[in-house]
2 protein chains.
Amino acid sequence: MSLTVVGSVAFDALETPFGKREKVLGGAATHFALSAGFFTDVNAVGVVGGDFGDEEWAVFKRHSINTDDIEIVPGGKTFFWSGRYDYDMNTAHTLDTQLNVFETFEPKLSENSKRAKFLFLANILPMLQKQVREQCLAADFVAMDTMNFWITSMKEAVIDTLKVVDCVIINDAEARQLADEPNIHKAAKIIMNYGLKGLVIKRGENGATLFTKDSLFSVPAYPLESVFDPTGAGDTFAGGFMGYLSSQGDVNDATLRRAMIYGSVMASFNVEKFGTERVDALDYPEINGRFRDFKRMTHFDEVPFEKSSSAS
Amino acid sequence: MSLTVVGSVAFDALETPFGKREKVLGGAATHFALSAGFFTDVNAVGVVGGDFGDEEWAVFKRHSINTDDIEIVPGGKTFFWSGRYDYDMNTAHTLDTQLNVFETFEPKLSENSKRAKFLFLANILPMLQKQVREQCLAADFVAMDTMNFWITSMKEAVIDTLKVVDCVIINDAEARQLADEPNIHKAAKIIMNYGLKGLVIKRGENGATLFTKDSLFSVPAYPLESVFDPTGAGDTFAGGFMGYLSSQGDVNDATLRRAMIYGSVMASFNVEKFGTERVDALDYPEINGRFRDFKRMTHFDEVPFEKSSSAS
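Remember, predicted model here, so these are calculated numbers, not experimental data.

Parameters and conventions
- Residues numbered from 1 in each chain as written.
- Chains lettered and ligands numbered in written order.
- Predicted model: local features only at pLDDT ≥ 70, side-chain atom pairs only at ≥ 80, totals over all residues.
- Heavy atoms only, no water.
- Helix = DSSP H or I, 4+ residues; strand = E, 2+ residues; numbered from the N terminus.
- Rg over C-alpha atoms; globule rule 2.2 N^0.38 Å.
- Buried < 20%, exposed > 50% of the residue type's maximum accessible area, 1.4 Å probe, protein only.
- Contact = heavy atoms within 4.5 Å.
- Lys, Arg positive; Asp, Glu negative; His and termini not counted.
- Charge placed at Lys NZ, Arg CZ, Asp CG, Glu CD.
- Pairing = 2+ DSSP bridges.
- Axes fitted to C-alpha atoms, helices over the stretch in contact; angles between N-to-C directions.
- Buried area = accessible area lost by both parts, 1.4 Å probe.
- Salt bridge = Lys/Arg side-chain N within 4 Å of Asp/Glu carboxyl O.
- Nonpolar A, V, L, I, M, F, W, Y, C, P; charged D, E, K, R; others polar.
- Least-squares fit on C-alpha atoms with pLDDT ≥ 70 in both.

Colleague: Talk me through the overall build of chain A; I want residue IDs and the actual numbers.
Modeller: When helices and strands are tallied, chain A shows 12 helices and 13 strands. Radius of gyration (C-alpha) of chain A: 19 Å, near the 20 Å computed for a compact globule of 312 residues. Here chain A holds 312 residues, and 58% of them are scored as buried. Sequence-distant contacts in chain A: of pairs separated by 6 or more residues, those separated by 24 or more amount to 64%. Here chain A contributes 31 positively and 43 negatively charged side chains, and the mean placements of these two sets differ by 4 Å.

Colleague: So, the sheet that holds strand E5 (residues 66-73) of chain B: which residues are in play, and what are the values?
Modeller: Residues and elements named next belong to chain B. Read from one edge to the other, the open sheet built from nine strands follows the order E5-E4-E1-E8-E9-E10-E11-E12-E13, with strand pairing classed as mixed. Here the strands that pair on one side only, and so sit at the sheet edges, are E5 and strand E13 (216-219). The sheet shows a mean angle of 15 degrees between the axes of neighbouring strands, taken without regard to direction. Bridging between strand E1 (residues 2-6) and strand E8 (residues 118-121) involves four bridges; their strand directions are parallel. Bridge pairing in E8 links Leu3 to Phe118. Its contacts with the sheet put helix H1 (residues 28-36) on E1, strand E4 (41-49) and E8, and the angle it makes with E1 is roughly 165 degrees.

Colleague: Summarise the interface of chain A and chain B; cite the residues concerned and give the values.
Modeller: Contacts between the two partners involve 50 residues from chain A and, on the opposite side, 50 residues from chain B. Interface area lost by chain A to chain B is led by Glu225, Phe300 and Phe305 of chain A, which between them contribute 18%. Viewed at the interface, chain B and chain A are joined by four salt bridges. Between Glu225 of chain A and Lys189 of chain B there is a salt bridge, and its shortest N-O distance comes to 2.7 Å. The set of elements that each furnish at least two residues to the side of chain A that touches chain B consists of helix H8 (184-192), strand E13 (216-219), helix H9 (233-248), helix H10 (253-270) and helix H12 (284-298) of chain A. Broken down by element, the residue count for the side of chain A that touches chain B peaks at nine residues, all from H12 of chain A. A per-class count over the side of chain A that touches chain B returns 20 nonpolar, 15 polar and 15 charged.

Colleague: Account for the environment of Ile72 of chain A, naming residues and giving values.
Modeller: Residue and element names in this part refer to chain A. Inspection of the secondary structure puts Ile72 in strand E5 (residues 66-73). Judged by relative accessible area, which is 48%, Ile72 ranks as partly exposed. On a C-alpha basis, the gap between Ile72 and Tyr87 in space is 37 Å, while along the polypeptide they are 15 residues apart. If we ignore the near neighbours within four places in the chain, the residues touching Ile72 are Val48, Gly49 and Trp57.

Colleague: Give a description of the relation of the copies chain A and chain B that names residues and reports values.
Modeller: In summary, the two copies of the chain are related to each other by a rotation about an axis coupled with a shift along it. Its rotation angle being 180 degrees, the transformation that places chain A on chain B also includes 0.0 Å of axial translation and leaves an RMSD of 0.0 Å. The transformation just described matches what one would write down for a two-fold rotation axis. Here 100% of the interface residues in chain A have copies in chain B that are interface residues too; the copies meet face to matching face.

Fair warning: the whole summary comes from geometry, so function is off the table for now.
What follows is the structure, encoded as structure tokens:
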């Protein structure tokens with residue numbers, strides 16, 4: 001199976017209480033592809049400028065990401081985002097956004113990218129997400145992200161796109177805003193009713209929840225004593241989630257649940273260093289070790305209480 | 001095994017977006033005892049006024065709670081609390097507090113209450129908690145609650161009490177304040193270092209986490225489309241937690257994990273109606289049904305990822 005992702009490839013400048021970086025590799029498609037690449041064959045679709053150098057391409061190459069559909073605009077500059085996090089690492093304060101070549105991004109998919117069985121539409125203009133989905137006729141399982149900016153400015157377009165995908169992966173504030181409903185379980189029901197097979201609601205340090213038609217599955221966040229840089233955590237989660245599903249080739253209750261764990265595992269590594277540094281250096285024993293940690297963190301024996309069997 | 005609880009017995013006046021009640025049975029010891037009573041023999045220690053009537057005593061009687069150590073001050077009035085919740089049900093707005101007979105509360109424990117193997121010190125003056133603990137020499141497992149008011153005004157006294165108990169059950173804001181540390185995992189480590197065997201951090205709609213010396217166990221909250229009245233949810237959780245442990249007679253990793261689930265189950269029922277109404281009417285099939293729901297919400301098969309076994 002293979003997996004195609006469409007989204008931003010960027011340079012980030014980051015400031016956190018633990019340090020700063022002038023220019024690290026970033027972007028939703030980058031974080032997603034690196035994470036998914038541990039599980040499956042990934043095609044990345046995006047655009048960069050002539051300033052995108054050998055060092056950056058080498059990161060994709062190391063993880064065998066197919067970058068044929070990352071367009072290069074020789075005279076242009078790569079999308080640049082600059083942000084700061086204070087001790088409350090849940091909120092990014094944007095210092096600067098330069099869309100550059102990303103402003104006029106029109107995803108161009110090769111036949112190879114279109115043939116993928118799994119597709120992830122990272123956070124871009126909803127109309128573009130829909131166009132890409134309609135080009136990928138072989139895709140059996142399509143997931144999308146979005147953000148408050150699009151929900152505020154073009155909610156109808158977001159919902160139009162939502163109707164042609166199988167799964168939505170968003171955070172709790174976005175879910176509440178999209179459904180116009182403060183209770184997260186009612187909001188999930190409203191969003192699911194657009195015809196989704198799955199809805200993943202990410203809740204940062206409080207974990208994530210998967211809603212399907214007949215069930216709900218909750219995962220806590222991995223216990224970290226310090227979150228170094230949360231940039232890209234959501235896309236890294238989505239990469240682990242979709243990458244694992246693609247590796248198994250079958251989307252069912254059991255694979256979806258394990259996909260939630262692998263998503264959480266990958267996101268937990270991502271935040272331990274700046275940019276893509278930690279995920280770039282990851283290996284399989286580390287990934288499976290943390291998968292086992294999640295089992296230990298959540299397992300209990302199903303022993304119903306019986307009044308007569310009590311020790312009293 | 002039996003379980004003794006020391007804390008408030010009260011009348012509450014409640015206003016929520018779903019309705020209001022002028023006078024319902026409330027108080028930490030009440031919510032705790034009713035919840036724990038489903039699992040074990042409970043002795044409640046508290047004080048009420050002459051206004052505490054047959055209807056109130058009948059609730060304790062129905063659940064076979066031993067009320068011998070609830071002192072009656074014939075000329076006095078029972079502790080009264082009045083609060084309002086807005087649509088954000090996480091925050092109670094106190095409208096009125098009349099301590100009445102609770103202001104000079106001095107817990108008087110009978111030999112029977114002192115003989116209990118399990119003891120819960122609900123949220124009262126920390127010095128009183130410590131005095132009670134020191135009277136209960138037979139208690140093998142002692143847990144306590146506290147609140148921001150005591151942590152702010154007499155942190156040393158809270159810590160003194162903390163040093164003579166086995167387990168602390170508090171919410172995340174209280175844990176951060178007590179440890180003076182914003183990261184919850186670092187805060188937990190600091191609090192555990194006072195010599196605890198367990199620390200339960202409650203996170204409302206985000207569930208609860210149990211910290212022990214070598215492990216961590218996380219439980220999501222039960223998915224509720226509406227929280228009717230959150231008053232007493234924390235004490236109801238503690239009642240399910242301690243009640244289950246007492247019923248099993250043994251505190252180990254497996255019983256502690258199931259105690260976390262029974263605590264969450266009981267709290268999820270408590271918030272469905274005003275005051276003690278829902279827990280008062282509960283039965284065992286309902287309790288075990290929701291216990292099974294928790295298993296379904298959190299279970300996944302432990303299948304490590306192997307690159308070679310993928311479908312690609």
